[in-house]
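Topology and contacts: notes
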Amino acid sequence: MEFNSKDITKKWQDEWRKEAIFEPKLNASKKKFFITVPFPYPSGSMHLGHMYTWTRADIYARFMRMRGYNVLFPQAFHFTGGPIMGMTQKVKERDQKTIETFRKQGVSEADLNRFAEDPKALAEYFTASFKEDFDNIGMSIDWRRKFITTSLSPYFSRFISWQFNKLKALGLITEGKHPVVWCPKEATPLGDHDRTEGEGESPQKFTIIKFRYGDFVFPAATLRPETVFGATNLWINPDGEYSAVKVGAERWIISKDSEDKLTNQFSSLGKAAPVKIADFLGKDVINPMTGEKLPIEPAGFVDTKIGTGVVMSVPMHAPLDFYGVSKLIRDGHVLKPKKVIDVQDEKNIVEDSIKKFGETSEGLKDATKFVYKKEFNYGVMNSNAGAFSGIAVKEVDGPICNALKDKNSYAEMYELTGKVICRCGARGIVKILEKQWFIRYSDKSWKDKARRLIEKLKVYPEEVRSQLLNTLDWLEDKATARKGGLGTPLPWDPEWIIEPLSDSTIYMAYYTIANKIEKLDLKSLTDNVFDYIFLDGKEKPKNDSAAFEELKREFEYWYPLDMRVSAKELLQNHFIFFLMNHAAIFEEKYWPRGIQINGWLTVSGEKLSKSKGATLTIKKGLETYGADQLRMVAAAGNGMDDVEWDPAAINAFDQRIGFIFEILQTCKNLKGDDKLIDRYLISKINRAIEESTDSLENFRYGSALASMFFGMYNEIKLYLELGGDSKDTVQRFLSTFIKLNHPVFPHVTEELNRHSQNETLLEGSAWPSFNPDETNALIENEFKILLNTVDDIKNVIKIIKKQPEKIAIGISNKENFDIYNKVVSEASKTKNAIEIRKNLRMNSKLLDKLLKNPNKLPEMQLEEDLENNVFLQAVEYLKRTFKCEVTIERRTKEDKSLPGKPSINIL
RNA sequence: GCAGGGGUAGCGAAGCGGUCAAACGCGUAAGGCUUAGGACCUUAUGAUUCAGGUCUUCGAGGGUUCGAAUCCCUCCUCCUGCACCA
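An account of the accompanying structure is given in this report. (Residues numbered from 1 in each chain as written. Chains lettered and ligands numbered in written order. Predicted model: local features only at pLDDT ≥ 70, side-chain atom pairs only at ≥ 80, totals over all residues. Heavy atoms only, no water.)

1. Side note on the overall build of chain A
When you go through chain A residue by residue, the secondary structure sums to 32 helices and 32 strands. Relative to its 907 residues, chain A shows a buried fraction of 54%. A fraction of 76% describes how many contacts in chain A between residues 6 or more apart in sequence connect residues 24 or more apart. When the accessible surface of chain A is summed, it comes to about 40800 Å², and 49% of that surface belongs to carbon and sulfur atoms. Between the averaged position of the 132 positive side-chain charges in chain A and that of its 129 negative side-chain charges there is a distance of 1 Å. (Helix = DSSP H or I, 4+ residues; strand = E, 2+ residues; numbered from the N terminus. Buried < 20%, exposed > 50% of the residue type's maximum accessible area, 1.4 Å probe, protein only. Contact = heavy atoms within 4.5 Å. Areas by Shrake-Rupley, 256 points an atom, 1.4 Å probe, with all protein chains shown as cover. Lys, Arg positive; Asp, Glu negative; His and termini not counted. Charge placed at Lys NZ, Arg CZ, Asp CG, Glu CD.)

In structure tokens, the structure reads:
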């Protein structure tokens, strides 16, 4: 009988659906397990890269189902934000690449026309396409709970409104201003993906210190306000163009180049009038912190494009300033440089660093970096810093800025960390958005709560935990709404639409009620109702109370979320928000319990992108390879490793499954008795159960596969080769193999299971249990010795280059075994060969040999009889392998035989 | 720049203080099967030796230890994220 794994896929999918196995019901007597994957954007066809993460989740869902859990694995779709609108726009503009991709994926011209008109049509088309692909690849998803986001889905929108009202009531939403990278031509924020140049560049805050000269203010922009105590003078570029600008009641002198920039950052900026900067040279300004008079000096190195074009000179802490000031002093100016920061072991850090890096402009730049870093990390303010003396540089920024504010000498501005060019060609600038809604992720007590959550969380792989905790440290407030795109409006300010990373943080709770809530009257769903359902709100809603009670029971049964599965790029954004929002809104008992982070599926080392994805769609993959075959790819990775798409590996699957099927059919005819090899195989079966259970549980699917699939396959082959022929053992093997592999290869294993006269579905059947009493390390070890000996014999035959007539294998004598076992027991106490020899007090060649290499001390006890029997029972196998007479003898006197290493005589 | 994670055979990887020349998979080679190819089966796949031996490797360099791919330090290099962008 032929076994075609592709033909049976649909059959079993239908069977599972018919039994509604993926649609779990509340069952208080059963442990539940709730697992999710972040919802996808249905803005194109699903490709193999998508499949990777979902398959990993599905394997877990099926694994837990077999272990007796009531598993909920729902899936919704994200319509919020730009991706879907973006695609619509591209179709509308007839973007060639997009149109081509869609056509390849089988989108008709009529559909394309609909997409151009309506983002919803596009999203719904691909939602259906995703769902179909999910089903075809065997995802055990509960589709009753499917929903979409945005105001297109009023019930979900209501839920999001509740969430945001809740955050606001908790004081976690504020309104404020915010610097963004901005395209002046398109008048929109410039995200990384909108740039042709300058990815990763961001606004950097500069402190502006106001130095006054009469009515004028010289605003020096600096990254290091703490050095103000050591300022000797100001620098301006004598060849630069400068202007006087009204800022409030003040008149600022700034470079002409910085006018535009500041216009976007200061709403109160007045008209600019050019000034002759040379007129100010040599005039004295007042240092607001020290009251000292500082002269304005010329310097060609001042870049009028950076900051305000006015620079504070701090020679003892800035190599460039040191260089300039030294020159002035040589020319007879009276300037008195002073140090305000001390760093241990660095007396003259600026001078030394200039010597080290050289006086070229490149060298001075490097020296500057070096000094900044050193002083920031290790510096302490000294007595020249007055009240700030003794404070570490790291901590002093805030207090000094406050002091400057008190003296009305503080302002701030932003500068890009590098050049940014928009796709439209315009050069990006920093703009301060004056009115913007924020989630206060910087809130310290909120972070503390989140920290507690993360410490209790199960994290796979474990390394991810420290990354989450570290992310908390730098996490700042996040803008949470914007003016355009799809989404749910902010309930109190509906001009603003909640952005995608913010409306996807606690929606897993919505899954628990998604299949029931839409039957209720939308109008009845007040915030009080959600409070009642999710937060145990005191106030029991009056209308429809039975229905609400039911929702509450569902939530309380299924929550918290047990596992969230996703790829590594979401870790420091989505996951951190997801965890923080749960910490803020839900009671501790409903905090998430686990997350899994995986890598990507790569092709020639690169992540599957939209363009590559177009050719590696699920539909194509299913046609070419089959569902279980694709699933095997997802099971290849451990931890956060990326997995390379390797279709060649799929051969290994078909071939081995074919072999298992063959055994399944022939094993009925077996009639043998139990032998040592049966005990060996039973022991190995138990090892496979133990190992693969542990690996699956920890999302180490690559290891699980090596054990339960490849490992078990190799063991049954060995068993049969060594003459194993017990029907019971083989059937035991088969049923274990089939069950262990079911989470990864659900279709094929159901088929194999049915062929073994088993009428019940594997889905829902019990996971094999590990029985330590059936393992036998001694026997396993002896079979390993047998195989090693076979290798040795082959090796020798190769060397002597002749077909042997007879092979005599000698098992070592009792005396040797005794010595060997004594060494083993000593070696369990100490690995020190000298000590072992001291403890054993005996002379023996064997002992010398065993102790020769302390790295290779024997670790496992051996039994003479067992070794003898294993070889005796393998005689037929040995004869077959070497095609000659083979004898097994016990050696009474010394020959080359050692315990665990029989002697070989080839004649 | 900051934070986190990696660098092991031709490739993907396992091992994370002691039977490690390195599981498992892929690839490659030889033989078998076949009209032939594919598939499949068997064997080999660090170097050297030619009676089961020996030597050398785990990004580079130092250190700790009887013993290090595994622990510590320095350096090189790759990947991920750094927010209004999903």
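2. Observations regarding the layout of surface pockets
In this structure, the second largest pocket encloses a volume near 1600 Å³. Forming the boundary of the second largest pocket are 48 residues, of which Phe206, Asp303, Ile306, Gly307 and Glu415 lie nearest the centre. Elements supplying a minimum of two residues to the lining of the second largest pocket: strand E6 (203–213), strand E7 (216–222), helix H8 (259–263), strand E14 (310–313), helix H9 (319–330), helix H11 (361–378), strand E17 (410–416) and strand E19 (429–439). Ranked by residue count, the leading element in the lining of the second largest pocket is H11, at 8 residues. (1 Å grid on protein atoms, 1.4 Å probe; cavity = no way out; pocket = protein on both sides within 12 Å on 5 of 7 lines; lining within 4 Å. Points joined across faces, edges and corners; volume = space filled by probe spheres on them.)

3. Re the environment of Ile306
Here Ile306 lies in the loop between strand E13 (293–298) and E14. For Ile306, a relative accessible area of 47% translates into the label partly exposed. For the pair Ile306 and Ser258, spaced 48 residues apart in sequence, the C-alpha to C-alpha distance is 7.3 Å. Apart from residues lying up to four places away in sequence, Ile306 is in contact with Lys261 and Glu415.

4. What about the sheet that holds strand E22 (residues 481–482)?
One open sheet holds the 3 strands; their spatial order is E22-E24-E23, and the pairing between them is antiparallel. Of all strands in the sheet, those with a lone pairing partner are E22 and strand E23 (489–490), marking the two edges. The sheet contact formed by E23 and strand E24 (residues 493–498) spans 2 bridges and is antiparallel. Note on E24: the bridge partner recorded for Pro489 is Ile497. (Pairing = 2+ DSSP bridges.)

5. Regarding the pattern of salt bridges
Two side chains of opposite charge can pair, provided their charged atoms sit close to one another. Within this structure, the stated rule accounts for 55 salt bridges. Of the charged contacts in the structure, one is a salt bridge between Lys11 and Glu751, with a shortest N-O distance of 2.9 Å. Of this pair, Lys11 sits in helix H1 (residues 9–18) while Glu751 is found in helix H26 (residues 746–755), placing the two residues 740 residues apart along the sequence. Residue classification places Lys11 among the partly exposed positions, given a relative accessible area of 40%. A salt bridge links Arg754 to Glu759; its shortest N-O distance comes to 3.8 Å. The partly exposed category is assigned to Arg754, whose relative accessible area is 26%. Among the residues examined, Glu759 registers a relative accessible area of 59% and is labelled exposed. (Salt bridge = Lys/Arg side-chain N within 4 Å of Asp/Glu carboxyl O.)

6. Things to note about the packing of H1 against H26
The angle between the axes and the distance between the axes are what describe a pair of packed helices. It is at 9 Å that the axes of H1 and H26 come closest, and there the two elements cross at 85°. If you check the angle between H1 and H26, you find them roughly perpendicular. Here Thr9, Lys11, Trp12, Gln13, Glu15 and Trp16 of H1 lie close against H26, whose contacting residues are Pro746, His747, Glu750, Glu751 and Arg754. Here the residues of the contact of H1 with H26 sort into 3 nonpolar, 3 polar and 5 charged. (Axes fitted to C-alpha atoms, helices over the stretch in contact; angles between N-to-C directions. Parallel < 35°, antiparallel > 145°, perpendicular 65-115°, else oblique. Nonpolar A, V, L, I, M, F, W, Y, C, P; charged D, E, K, R; others polar.)

7. Re unusual backbone geometry
A cis amide bond links Tyr460 with the next residue in sequence, Pro461, at an omega value of -5°. Considering the arrangement of structural elements, one finds Pro461 in the loop between strand E20 (458–460) and helix H14 (464–474). Going from Tyr559 to Pro560, the amide bond is cis rather than trans, its omega being 5°. Of note, Pro560 is situated in the loop between helix H17 (545–558) and strand E25 (563–567). Although it is not a glycine, Ala20 sits at a positive phi angle of roughly 50°. Accessibility expressed as a relative area gives 29% for Ala20, which makes it partly exposed.

8. Looking at empty space enclosed by the protein
Enumeration over the complete set of coordinates arrives at 1 cavity of 30 Å³ or more. Here the largest cavity is characterised by a volume of approximately 40 Å³. No other element matches helix H10 (residues 349–357), which puts 3 residues into the lining of the largest cavity. In the lining of the largest cavity, the residues fall into 4 nonpolar, 1 polar and 3 charged.

9. Describing the sheet that holds strand E1 (residues 32–36)
Strand order in the open sheet formed by 5 strands is E2-E1-E25-E26-E20, with parallel pairing between adjacent strands. In this open sheet, the two strands that pair with only one neighbour each are strand E2 (70–72) and E20. Sheet twist, expressed as the average angle between the axes of neighbouring strands with direction ignored, equals 15°. Here E25 runs beside strand E26 (residues 594–598); their pairing, made up of 4 bridges, is parallel. From the neighbouring strand, Val565 faces E26, where its bridge partner is Gln596.

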